[in-house]
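# Secondary and tertiary structure notes
Here is how the chains run, residue by residue.
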Amino acid sequence: MATLSPSTRRRSLEYLASRAEPVDLLVVGGGITGVGVALDAATRGLSVALVEKGDLAAGTSRWSSKLVHGGLRYLAKGDIRIARESAVERHHLMTAVAPHLIAPLRQILPDRGGRQAPVIRFGLRAGDMLRRNAGTPASLLPPPSGLSLIETLARCPTLSPTALRGGISTTDGQLIDDARLVVAVARTAAGYGASICTHTRADRVDGRGATLTDTCTGESFDIGARMVVNATGVWSGEVDQAIAVTPSRGTHLVLDAATMGNPTAALTIPLGGSVSRFVFTMPAQLGRVYVGITDVAAPGPIPDVPTPDSSEIDFLLDALNPALVRPIDRTDIIGTFSGLRPLVDRRAGAGDGGPGTSTGLADVSRRHHIRVRGDGLVSVLGGKLTTYRRMAQDAVDAALATAGLAAGDCVTTTTPLVGALRDPREQGLPTSLVQRFGGEAPTVVDTSTVDRPLDLITPGIDVTRAEIEFAVTHEGALDVEDVLHRRTRIGLVDRDAEAARPEVEKILGYVLG
């Protein structure tokens, strides 16, 4: 069974410490790219160990916009290659890999006339062509359309009606949660035999192994590997000092959905006269709305938890408020989150994306790149959440080529994650539970031993007591912070985290004995 728990973690570390033969692949990094690499390799029949110094999705992977998008923004910038790749990977995720975690999201651009509207409509039609070429049915992602003034205001109630003609509508994919995707991929990899070890630091990493330290006990041991992949994102340079990552920070604001009139669509506002840069408001789980996103340089030491500066908050408010009937101010903000995009400075020697390459090129890009060091260490760099599966495939292909090993073909385009297959017993369970667990929702309840499993953890937060227990017994959470910040996302709002913390502590105390 695809289960991660304190006991499976302990057994995995004991197994790796006592193993005489090297594992086929050691993956360093437990974000979306790392777990994707682990799943790709495990489904090819390789023995795999993944180590992460913190928790799953502890870094950039939990700070995204929670979108699985078809690359429209890249198409607008003329990058057809990455736009096409995004549309293809979105198709795989929404139809086969994780349909239970991704739902169609209507996005509405206000139509106030002017020269922008025709250009935007053309861009949306071009994006829809990518959708058709990827094979995604219109029944899943409807093509662009126009909305009347009444329809537009019904979906985005706080939009100012002044000079508003209606809306320009399109659809894209929205994750219920990015950290939940990471956990699902990791658990699926574990189901195929991968050893997933969180809170395990990797030192002295090279192309043939590393020294691992269990940060819970302080115990260390060496592990040998036929292949090693560095998937540490913005921390890649700490593993391979020849790598230069140029992070940019993307910040989101968190609002109560009621502040935005409980919208049923994402409101997308062009920045000035641009047709490729936007600020959006997006309805999200737990009765929230996310407002994003900034793109600012983030030089200097890389923090474990990035924080926005005041100018980013002002930027988002200034971009959004002219479109609203009532301006949003700082008192409306109930939370913020920032993520560091691992942009690759290829002038410093990162590869050009082909297996086994290390040619330097002069640009900073959202494309992913594969770098192979002389000792065989493979680093996968750049990219974005939507294309994690393709990044993983390319990294494993490069590692196999470098090590001269044979393995099965990549099958992750058709490998469903845990919960992707529907279970008729979902009927009658809370909608929010099914949205987060899909076909596993009945298992969350059936395996629960806490009393009142379907009661909310605290009034006003639609996370059940059973989910807290499941986070520990099946999803690898080791402590309260793992549960609040990476399994449930209650922690995105401080006041919610403090309201839920006492009951979460009680349940963890019960489950962990």
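Given the structure is predicted, the values throughout are model-derived calculations rather than measurements.

If you check helix 4 (residues 80-97), its first and last C-alpha atoms are 24 Å apart, about what 18 residues at 1.5 Å a residue would give, namely 26 Å. Restricting attention to buried positions, one finds in helix 4 the residues Ile82, Ala83, Ser86, Ala87, Glu89, Arg90, His91, His92, Leu93, Met94 and Val97.

What follows covers the UniProt feature "domain: Alpha-glycerophosphate oxidase C-terminal" (unreviewed entry) in the protein chain. Sites flagged by UniProt as "domain: Alpha-glycerophosphate oxidase C-terminal" (unreviewed entry) map to residues 430-512. Taken as a whole, residues 430-512 contains 59% helix and 8% strand, while its terminal C-alpha atoms sit 26 Å from one another.

Let's shift gears to the pattern of salt bridges. Summed over all chains, the structure comprises 41 salt bridges. Ionic pairing is found between Arg422 and Glu426, a salt bridge with its closest N-O pair at 2.6 Å. Owing to a relative accessible area of 49%, Arg422 belongs among the partly exposed residues under this scheme. Glu426 gets classed as buried once you look at its relative accessible area, which sits at 9%. In this structure, the salt-bridge partner of Asp446 is Arg425, at a minimum N-O distance of 2.4 Å.

Moving on to unusual backbone geometry. Excluding glycine, residues mostly have negative phi values, and the peptide bonds linking residues are mostly trans. The omega angle of the peptide bond from Gly292 to Ile293 is 5°, so this bond is cis rather than trans. Topologically, Ile293 is positioned in the loop between strand 14 (288-292) and strand 15 (296-297). One non-glycine residue with positive phi stands out, namely Arg452, at about 50°.

What follows is about the side chain of Arg341. Relative to the elements of secondary structure, Arg341 occurs in strand 16 (residues 333-341). Side-chain polar atoms of Arg341 contact the backbone oxygen of Thr294, separated by 2.8 Å.

This brings us to the packing of aromatic side chains. All chains considered together, the criterion is met by 3 aromatic pairs. Judged by centre distance (5.3 Å) and plane angle (85°), the ring pair of Tyr290 and Phe337 falls under edge-to-face. With a gap of 47 residues between them, Tyr290 in strand 14 and Phe337 in strand 16 connect regions that are remote in the sequence. In terms of burial, Tyr290 and Phe337 fall into one category: buried. Considering the side-chain rings of Phe437 and Phe470, the 5.6 Å spacing of their centres and the 90° angle between planes classify their relative orientation as edge-to-face. Of this pair, Phe437 sits in helix 11 (residues 431-437) while Phe470 sits in helix 13 (residues 465-473), and the two are 33 residues apart along the sequence. Accessibility expressed as a relative area gives 3% for Phe437, which makes it buried. Its relative accessible area of 1% is what places Phe470 among the buried residues. Against the face of Tyr290 rests Lys66, its NZ or CZ located 5.5 Å from the ring centre.

In the contact formed by helix 4 and helix 10 (residues 388-403), the axes pass within 8 Å of each other and the chain directions differ by 105°. Taken as axis vectors, helix 4 and helix 10 run roughly perpendicular relative to one another. Only Tyr388, Arg389 and Arg390 of helix 10 make contact with helix 4, whose side of the interface consists of Glu85, Glu89, His92, Leu93 and Val97. Partitioning the contact of helix 4 with helix 10 into residue classes produces 3 nonpolar, 1 polar and 4 charged.

With that settled, consider helix 5 (residues 116-134). Over its 19 residues, helix 5 runs 27 Å from end to end, which matches the ideal 27 Å to within 8%, given 1.5 Å per residue. Buried within helix 5 are the following residues: Ala117, Ile120, Leu124, Gly127, Asp128, Leu130, Arg131 and Ala134. Summarising the axial view, the buried residues of helix 5 lie within an arc of 150°, below the 170-degree limit, and thus occupy one face. Facing away from the buried surface of helix 5 by more than 90 degrees, the exposed residues are Phe122 and Asn133. Positive backbone phi, approximately 90°, marks Gly135, located one or two places after helix 5.

As a further point, take the packing of helix 2 (residues 32-43) against helix 10. With their axes 8 Å apart at the nearest point, helix 2 and helix 10 run at an angle of 60° to one another. Taken as axis vectors, helix 2 and helix 10 run oblique relative to one another. Classified by chirality, the crossing of helix 10 by helix 2 is right-handed. Residues Ile32, Thr33, Gly36, Val37, Asp40 and Ala41 of helix 2 touch helix 10, and the partners they reach there are Tyr388, Met391, Ala392, Gln393, Ala395 and Val396. For the contact of helix 2 with helix 10, a count of residues per class yields 8 nonpolar, 3 polar and 1 charged.

Moving on: the state of the cysteines. Summed over the entire model, instances satisfying the criterion amount to 0 disulfides. Here Cys197 stays free of any disulfide, with the sulfur of Cys216 as its closest cysteine sulfur at 11 Å. A residue is classified by how much of its surface remains accessible, and Cys197, at 0% relative accessible area, is buried.

The next subject is the confidence of the model for the protein chain. Reading predicted coordinates in detail is not appropriate for stretches of low pLDDT. Confidence in the prediction for the protein chain averages 92 pLDDT; 95% of positions are at 70 or higher. Counting contacts from residues 347-364, a segment whose pLDDT is below 50, to residues more than four positions away or on other chains yields 48 contacts.

Summarising burial for strand 4 (residues 102-111): 7 of the 10 residues are buried, a large majority. With 10 bridges joining them, strand 4 and strand 6 (residues 166-175) adopt antiparallel strand pairing. Looking at strand 6, one finds that Ile102 is bridged to Leu175. In the sheet, strand 4 pairs with strand 12 (residues 266-270) via 2 bridges, with the strands oriented parallel. Bridge pairing in strand 12 links Gln107 to Ala266.

Within the fold, Ser236 resides in helix 8 (residues 236-239). Each residue touching Ser236, except ones within four places of it in the same chain, is listed here: Asn230, Ile243, Val245 and Leu381.

Cut-offs and rules
Residues numbered from 1 in each chain as written. Predicted model: local features only at pLDDT ≥ 70, side-chain atom pairs only at ≥ 80, totals over all residues. Heavy atoms only, no water. Helix = DSSP H or I, 4+ residues; strand = E, 2+ residues; numbered from the N terminus. Expected span 1.5 Å × (residues − 1). Buried < 20%, exposed > 50% of the residue type's maximum accessible area, 1.4 Å probe, protein only. UniProt positions renumbered as here; feature names shortened; annotations may be inferred. Salt bridge = Lys/Arg side-chain N within 4 Å of Asp/Glu carboxyl O. Polar contact = N/O pair within 3.5 Å; in protein donor to acceptor, adjacent residues only side chain to side chain. Phe/Tyr/Trp six-rings, centres within 6.5 Å; stacked < 30°, edge-to-face > 60°. Lys NZ or Arg CZ within 6 Å of the ring centre and 35° of its normal. Axes fitted to C-alpha atoms, helices over the stretch in contact; angles between N-to-C directions. Parallel < 35°, antiparallel > 145°, perpendicular 65-115°, else oblique. Contact = heavy atoms within 4.5 Å. Nonpolar A, V, L, I, M, F, W, Y, C, P; charged D, E, K, R; others polar. Arc of directions from axis to C-beta. Left-handed = near helix turned anticlockwise from the far one by under 90°. Disulfide = S-S within 2.5 Å. pLDDT = per-residue confidence, 0-100. Pairing = 2+ DSSP bridges.

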